[in-house]
Amino acid sequence: MSLLKVENISKSFKTLQVLRNVSLEVGPGERHVIIGPNGAGKTTLFHCITNILPIDAGAVYLDGKEISKLPAHRLVHLGISRTFQKNNLFGDLTVEENIHLALAAKKPYRYDIFSPLTVRSDIRKETNDILEQWEIADRRHVKVKHLSYGEQRLLEVLLAMASNPKVLLLDEPTSGMSPAETAQTAAMIQKLPRSIALVVVEHDMDVVFSIADRITVLHHGEVILSGSPDEIRNNEMVKKIYFGGGAKQHA
Ligand SMILES: Nc1ncnc2c1ncn2[C@@H]1O[C@H](COP(=O)(O)OP(=O)(O)OP(=O)(O)O)[C@@H](O)[C@H]1O
Ligand SMILES: [Mg+2]
């Protein structure tokens, strides 16, 4: 059984239909990359999977249970976590404080962000583990607004991981990064444990092919193909639509 199943979802903004009968299945631990030109509906698909936007038709299942109507914060507890295409960090807080908050969001107790002394020992320990595991302990006291853009995007991925998700959705994790930062991010994504399934929207084709087990191509809100990296690479329609210059691509 697939872990995440998106079944025939559709979404319109007024008269603009952005998603048409989109279906997708992601198995446990799978690395599933979604590609498609600008405006294809990729971010909207993530918003619909996480119920930030209500879907018009279809359903989303996690572990066989329908989650389409559940509020976004319940989904984090059920095991779906995500990053946003736009930075979603607290710039005036330090790296460490941002990690505290991300961890606290998953805990069953309430956390008072104005009383840092109340940070619980379990959160302190998990924060240290994250800082050490990802070799960013030397950046722990740096305010996030003082990190480089690439470091901020990396931190976002780490924070989304902090809730220990079954499925992690990453929306363009390398957008706006330098080539070095892009390579670093791709390497980090490759290192994420296989206990986590990944659904990644990505434009950089080197990154796409370095991480994907399976690739789905979205075009004008429709899935036009889903297959192995080789199937996608060799598909004439994909070559024409996606690689072929007709569609505007990110730099
Ligand atoms: N809240 C909204 N209201 C109206 N139209 C929207 C809204 N959000 C997105 N759209 C439109 O829906 C279409 C799909 O947008 P979406 O952001 O999902 O594309 P995308 O594939 O993520 O593109 P990109 O590669 O540029 O990030 C676009 O035409 C966009 O203008
Ligand atoms: Mg997008």
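Quick caveat, the model's predicted, so the values are computed rather than measured.

Peer 1: Explain helix α3 (residues 95-106) to me, and be specific about the residues and the numbers.
Peer 2: End to end, α3 covers 18 Å across 12 residues, agreeing with the expected 16 Å (1.5 Å per residue, within 8%). Within α3, 9 of the 12 residues are buried, which leaves it mostly tucked inside the rest of the structure. Looking at α3, one finds that the buried residues are V95, E96, N98, I99, H100, L101, A102, L103 and A104. On its buried face, α3 sits against α4 (121-133) and α5 (149-162).

Peer 1: Any details on the domain arrangement of the protein? Residues and values, ideally.
Peer 2: For the protein, the assigned domains are domain 1 (1-41 + 55-80) and domain 2 (81-164). Between domain 1 and domain 2, the C-alpha centre-to-centre distance is 26 Å. Across the boundary between the two partners, domain 1 contributes 4 residues, which contact 5 residues of domain 2. Carbon and sulfur atoms supply 56% of the area buried between domain 1 and domain 2, which totals about 360 Å² over both sides. Broken down residue by residue, the surface that domain 1 buries against domain 2 is led by V76, H77 and I80, which jointly contribute 94%. Between domain 1 and domain 2 we count 0 salt bridges in total. Applying the counting rule to domain 1 against domain 2 returns 0 residue pairs in polar contact (both at pLDDT 80 or more). Split by residue class, the side of domain 1 that touches domain 2 holds 2 nonpolar, 2 polar and no charged.

Peer 1: Provide a residue-level description of the side chain of E30, including the pertinent values.
Peer 2: Within the secondary structure, E30 is located in the loop between β2 (16-26) and β3 (31-35). Here E30 occupies a buried position and makes no salt bridge, while the nearest side chain of opposite charge, R214, is found at 4.8 Å. Only 2.9 Å separates the side chain of E30 from the backbone nitrogen of G27, close enough to count as a polar contact. In contact with E30, not counting residues within four places along its chain, are E25, R194, A197, L198, D213 and R214.

Peer 1: A description of α5 should follow, citing residues and the corresponding values.
Peer 2: Compared with the 20 Å implied by 1.5 Å per residue over 14 residues, the 20 Å span of α5 between its first and last C-alpha is a close match. Burial runs high along α5: 12 of the 14 residues are buried. Every buried residue belonging to α5 is among G150, Q152, R153, L154, L155, E156, V157, L158, L159, A160, M161 and A162, and all of these are buried. If you follow the buried residues of α5, they end up packed against β6 (80-82), α3, α4, β7 (167-171) and α6 (179-191). After α5 finishes, the residue N164 shows a positive phi value of roughly 55°.

Peer 1: Residues and numbers for the pattern of salt bridges, please.
Peer 2: Scanning the model with the defined rule gives 11 salt bridges in all. Salt-bridge contacts for R233 lead to D230; the nearest nitrogen and oxygen are separated by 3.6 Å. With R233 and D230 both in helix α8 (residues 229-233) and 3 residues apart, this pair spans about one turn of that helix. D230 sits in the partly exposed class, given a relative accessible area of 48%.

Peer 1: An account of unusual backbone geometry is needed here, citing residue identities and associated values.
Peer 2: The backbone of K14 shows a phi angle near 50°, a positive value even though the residue is not glycine. On the secondary structure map, K14 appears in the loop between β1 (4-13) and β2. Residue classification places K14 among the exposed positions, given a relative accessible area of 84%. Even without glycine at this site, E135 takes up a positive phi of about 55°. Structurally, E135 is set in the loop between α4 and α5.

Peer 1: So what's going on with the sheet that holds β6? Which residues, and what values?
Peer 2: With mixed pairing, 6 strands are arranged side by side in an open sheet as β6-β7-β8-β3-β9-β10. What marks the edges here is a single partner per strand, and that holds for β6 and β10 (222-227). Across this sheet, the average inter-strand angle for adjacent strands is 20°, counted without regard to direction. Where β3 and strand β8 (residues 197-201) come together, 4 bridges link them in parallel fashion. The residue of β8 that forms the bridge with I34 is V201. In the packing of helix α1 (residues 42-49) onto the sheet, contacts are made with β3, β6, β7, β8 and β9 (214-219), and the angle to β7 comes to roughly 150°. Where α5 meets the sheet, it contacts β6 and β7, and its direction lies at approximately 160° from that of β7.

What counts, and where the lines are drawn
Residues numbered from 1 in each chain as written. Chains lettered and ligands numbered in written order. Predicted model: local features only at pLDDT ≥ 70, side-chain atom pairs only at ≥ 80, totals over all residues. Heavy atoms only, no water. Helix = DSSP H or I, 4+ residues; strand = E, 2+ residues; numbered from the N terminus. Expected span 1.5 Å × (residues − 1). Buried < 20%, exposed > 50% of the residue type's maximum accessible area, 1.4 Å probe, protein only. Contact = heavy atoms within 4.5 Å. Domains from an automatic or database assignment. Buried area = accessible area lost by both parts, 1.4 Å probe. Salt bridge = Lys/Arg side-chain N within 4 Å of Asp/Glu carboxyl O. Polar contact = N/O pair within 3.5 Å; in protein donor to acceptor, adjacent residues only side chain to side chain. Nonpolar A, V, L, I, M, F, W, Y, C, P; charged D, E, K, R; others polar. Lys, Arg positive; Asp, Glu negative; His and termini not counted. Pairing = 2+ DSSP bridges. Axes fitted to C-alpha atoms, helices over the stretch in contact; angles between N-to-C directions.

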